[in-house]
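# Understanding the architecture of this molecule
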Amino acid sequence: MTRPRILLLGAGGHGKAIADLLLADGGYEVAGFVDAAPKASQVLGLPVLGDESLLAALAGQGIALAHAAVGDNAQRLAAAARLRVAGFALPSLTHPVALIGYGARVGEGAAILARAVIGPEAEIGALALINTGAIVEHDCVVEEAAHIGPGAVLAGGVRIGAGALIGAGAVVRPGVVIGAGAVVGAGAALVEDVAPGARVAGVPARPV
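Let me begin by describing the structure that accompanies this report.

Cut-off values and rules
- Residues numbered from 1 in each chain as written.
- Predicted model: local features only at pLDDT ≥ 70, side-chain atom pairs only at ≥ 80, totals over all residues.
- Heavy atoms only, no water.
- Helix = DSSP H or I, 4+ residues; strand = E, 2+ residues; numbered from the N terminus.
- Buried < 20%, exposed > 50% of the residue type's maximum accessible area, 1.4 Å probe, protein only.
- Lys, Arg positive; Asp, Glu negative; His and termini not counted.
- Salt bridge = Lys/Arg side-chain N within 4 Å of Asp/Glu carboxyl O.
- Polar contact = N/O pair within 3.5 Å; in protein donor to acceptor, adjacent residues only side chain to side chain.
- Contact = heavy atoms within 4.5 Å.
- Pairing = 2+ DSSP bridges.
- Axes fitted to C-alpha atoms, helices over the stretch in contact; angles between N-to-C directions.

## A look at the side chain of Asp-35
Among the structural elements, Asp-35 can be located in the loop between β2 (29–34) and β3 (42–43). Buried within the structure, Asp-35 lacks any salt-bridge partner; Lys-39 is the closest side chain of opposite charge, at an N-O distance of 5.2 Å. At 2.7 Å, the side chain of Asp-35 forms a polar contact with the backbone nitrogen of Ala-11. When sequence neighbours within four positions are dropped, the list of residues in contact with Asp-35 reads Gly-10, Ala-11, Gly-12, Gly-50, Asp-51 and Glu-52.

Here it is as structure tokens:
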């Protein structure tokens with residue numbers, strides 16, 4: 001059976017993580033990378049084809065799928081918009097050793113990395129990133145282009161606003177709401193809501 005071809009936009013560290021996901025999954029043929037400023041000719045043995053000026057030509061060659069492999073939330077959102085304009089579809093990607101609970105929903109272009117756990121009836125928005133080993137428990141909502149860092153834990157019913165960043169190892173108690181664009185520092189313990197755009201850190205987390 002012919003595997004669908006997929007292009008990765010972004011050949012940096014996060015691009016490497018997404019390539020690792022795809023190689024482990026085996027369901028796609030990775031056509032290669034494009035990058036705004038390519039620094040290497042290969043990543044994990046896969047070709048870096050050039051810069052974004054190639055997007056239209058690559059779409060014309062029959063590569064129908066792409067992924068915005070960019071770690072920064074705002075830049076990932078913008079990269080996805082450029083891919084859509086070029087004609088690519090943006091499938092969600094899930095590492096084969098991630099766990100997805102019954103009734104959970106994962107949006108277009110989202111990525112669920114290795115050993116992440118998505119609880120039952122959780123909602124992962126378009127272009128969200130659930131990083132390695134993160135836990136998003138039952139009934140959580142992670143909105144568009146938010147990032148849950150490696151090893152972070154969202155207890156049940158947490159809501160993460162669009163474009164928010166939850167740092168590595170942070171823990172959020174049940175029912176807490178993190179506003180759009182907020183930043184939660186690594187290792188923080190969240191016991192109360194966080195306003196949109198706020199930056200918090202510490203145990204318990206306080207504004208910084």
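Next comes the rest of the description.
## Focus: the pairing of strand β4 (residues 46–50)
Residues in a regular strand project their side chains so that they alternate between the two faces of the sheet. Here β2 runs beside β4; their pairing, made up of 2 bridges, is parallel. The partner of Val-34 across the bridge, within β4, is Gly-50. Note: β3 against β4, 2 bridges, orientation antiparallel. From the neighbouring strand, Gln-42 faces β4, where its bridge partner is Pro-47. Connecting β3 to the next strand, β4, in antiparallel fashion are 2 residues, including Leu-44 with a positive phi near 55°.

## Here we look at the sheet that holds β4
The pairing of strands in a sheet comes from backbone hydrogen bonds and takes either a parallel or an antiparallel form. Taken together, 5 strands build an open sheet; the order of strands is β3-β4-β2-β1-β5 and the sheet is mixed. Sheet topology places β3 and β5 (65–68) at the edges, where each strand pairs with a single neighbour. The strands touched by helix α1 (residues 13–25) are β1 (5–9), β2, β3, β4 and β5; relative to β1, the strand with the most contacts, the crossing angle is about 165°.

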